[in-house]
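A closer look at the structure
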Amino acid sequence: MNKLSSNSCGLNCSKLNTLINSLGRVEKYDATHVHCVSFSKASDIIDGLNMRLTNMAGGYPFDFVGTTWHDSEMLYLCGEFSEKSPRHQDILEQIRKQTSGFAAKRFVKNKYKRFIRSDFSTFRIQWMLFVLWMKCKGNADFANMLLLLPHNVIIIEDTTKQHSDTKEIWGCTNQALSAKRAEVKKETVRQAKESNPKISKAALKRIVNSETCKVNSIGTFVGQNNLGKILMICRDCLIQGVEPPIDYNLLETKDIHILGKRISFIH
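First, a word on scope: everything that follows refers to the structure included in this document.

Here is what the cut-offs are and how they apply
- Residues numbered from 1 in each chain as written.
- Predicted model: local features only at pLDDT ≥ 70, side-chain atom pairs only at ≥ 80, totals over all residues.
- Heavy atoms only, no water.
- Helix = DSSP H or I, 4+ residues; strand = E, 2+ residues; numbered from the N terminus.
- Rg over C-alpha atoms; globule rule 2.2 N^0.38 Å.
- Buried < 20%, exposed > 50% of the residue type's maximum accessible area, 1.4 Å probe, protein only.
- Areas by Shrake-Rupley, 256 points an atom, 1.4 Å probe, with all protein chains shown as cover.
- Lys, Arg positive; Asp, Glu negative; His and termini not counted.
- Charge placed at Lys NZ, Arg CZ, Asp CG, Glu CD.
- Salt bridge = Lys/Arg side-chain N within 4 Å of Asp/Glu carboxyl O.
- Polar contact = N/O pair within 3.5 Å; in protein donor to acceptor, adjacent residues only side chain to side chain.
- Contact = heavy atoms within 4.5 Å.
- Pairing = 2+ DSSP bridges.
- Expected span 1.5 Å × (residues − 1).
- Phe/Tyr/Trp six-rings, centres within 6.5 Å; stacked < 30°, edge-to-face > 60°.
- Core = buried A, V, L, I, M, F, W, Y, C linked by side-chain atoms within 4.5 Å.

Re the overall build of the protein
Of regular secondary structure, the protein possesses 11 helices and 10 strands. Here the C-alpha atoms of the protein give a radius of gyration of 19 Å, agreeing with the 18 Å that 2.2 N^0.38 yields for 267 residues. C-alpha extents for the protein along the principal axes are approximately 60 × 45 × 30 Å. Counting across all 267 residues of the protein, residues that qualify as buried make up 51%. Entry remark: accessible area of the protein is about 13300 Å², with carbon and sulfur atoms responsible for 52%. Computed over 38 positive and 26 negative side-chain charges, the inter-centroid distance for the protein is 5 Å.

Now the structure itself:
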């Protein structure tokens, strides 16, 4: 893995290296003892901050290989199908033409799952780190949002309600927090409808989201939390003004092709 030079980030190197070395490792974060900031959807607001950190959040386009990507999910998905064959390149074109990562996952990935690279699990974490760093460099609004987060918080993707087989690879589950938020949601809906029987679905959704997002310091998050770790790595690198130690050597060996172009990671 590429190492940061000793004079590039000073005393904070140890924190950054700790995050890098923890990638792929299962963690347990006790939310009653450490400051956890979790997100699961683009509308989440934690501690008054808009947590538009999910890969599917729109509004943060960035350029890569001569193409503007609507969100980071779309480019990440392309990595799954990044072989040189005409079929794979056609799949990538279909992903690129979608209006969002959500649509790309639902209408393209789910249709062609059998063509996902058999070795993708061996480099998906480094590919995600690379994709999110491209997003940080290519979209100032996203980078600035990361910098607004308190620098000591643990960023976590809350995947408790997801059903994918990678939910605890990219994020963490916290059943106690989910149960408490369900209670708050039920009571909030009751009170809102009692005070305004004609309340619209959109207004009710906003109120419920606001109230449930206030419930945080409960339970223990368990999972690898690789997406949260990668966001923290990017945040710390932005603060220090350094490049993250992406394993470019590994990515170079994977012969990654995006939209007909072989990506070179070694310059």
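Digging into the side chain of Lys 167
Mapped onto the secondary structure, Lys 167 falls in helix H7 (residues 167-170). Comment: no salt bridge for buried Lys 167; closest opposite-charge side chain is Glu 168, at 5.7 Å. At a separation of 3.1 Å, a polar atom in the side chain of Lys 167 contacts the main-chain carbonyl oxygen of Thr 160. When residues no more than four places from it in sequence are discounted, the contact partners of Lys 167 are Thr 159, Thr 160, Gln 162, Cys 172 and Thr 173.

A short note on the pairing of strand E8 (residues 220-223)
Side chains Phe 221 and Gly 223 of E8 all project onto a buried face; the interleaved residues Thr 220 and Val 222 project onto a face where none is buried. Pairing between strand E1 (residues 27-30) and E8: 4 bridges, direction antiparallel. Paired with Lys 28 across the strands is Val 222, a residue of E8.

A short note on the pattern of salt bridges
Taken as a whole, this structure holds 15 salt bridges when the rule is applied. Among the salt bridges present, the one from Glu 27 reaches Lys 229, with a minimum N-O distance of 2.9 Å. Of this pair, Glu 27 sits in strand E1 while Lys 229 sits in helix H10 (residues 226-240); the two residues are 202 residues apart in sequence, bridging distant segments of the chain. The class for Glu 27 is buried, based on a relative accessible area of 13%.

Quick notes on helix H9 (residues 201-212)
In a regular helix each residue adds 1.5 Å, so 12 residues correspond to 16 Å; H9 covers 16 Å between its end C-alpha atoms and thus fits that length. Considered for burial, the residues of H9 that qualify are Ala 203, Leu 204, Val 208, Asn 209 and Thr 212. On its buried face, H9 sits against helix H8 (175-195).

Focus: the pairing of strand E7 (residues 154-157)
What you see with E7 is no split at all: Ile 154 and Ile 156 on one side and Ile 155 and Glu 157 on the other are buried throughout. With 4 bridges joining them, strand E2 (residues 36-39) and E7 adopt parallel strand pairing. Looking at E7, one finds that Ser 38 is bridged to Ile 156.

Some thoughts on the environment of Val 34
Turning to its location among the elements, Val 34 is positioned in the loop between E1 and E2. In sequence terms Val 34 and Val 153 are 119 residues apart; their C-alpha atoms lie 7.9 Å from each other. Excluding its chain neighbours within four sequence positions, the residues that come into contact with Val 34 are Tyr 29 and Ile 154.

Points about the packing of aromatic side chains
Applying the stated criterion across every chain yields a total of 10 aromatic pairs. Between Tyr 76 and Phe 120, the ring centres sit 5.5 Å apart and the planes meet at 65°, which makes this aromatic pair edge-to-face. Placement of the pair is Tyr 76 in helix H2 (residues 72-80) and Phe 120 in the loop between helix H4 (101-109) and helix H5 (124-138), with a sequence separation of 44 residues. Judged on exposure class, the residue Tyr 76 and its partner Phe 120 are both buried. Centre to centre, the rings of Tyr 112 and Phe 115 are 6.3 Å apart; their planes meet at 45°, and the pair counts as tilted. Assessed through its relative accessible area of 18%, Phe 115 is described here as buried. Among the aromatic residues, those joined into a ring-pair cluster are Phe 64, Trp 127, Phe 130, Tyr 248 and Phe 265.

Describing the nonpolar core
Core analysis: the biggest nonpolar cluster contains 73 residues, and Leu 53, Trp 127 and Ile 258 have the highest contact counts within it. In terms of residues, this core owes the most to one element, H5, which gives 10 residues. If sequence neighbours within four positions are ignored, Leu 53 has contacts with Phe 39, Phe 142, Met 145, Leu 146, Leu 149, Ile 155 and Leu 231. Within the second largest apolar cluster, 5 residues are counted, among which are Ala 192, Ile 199, Ala 203 and Val 208.

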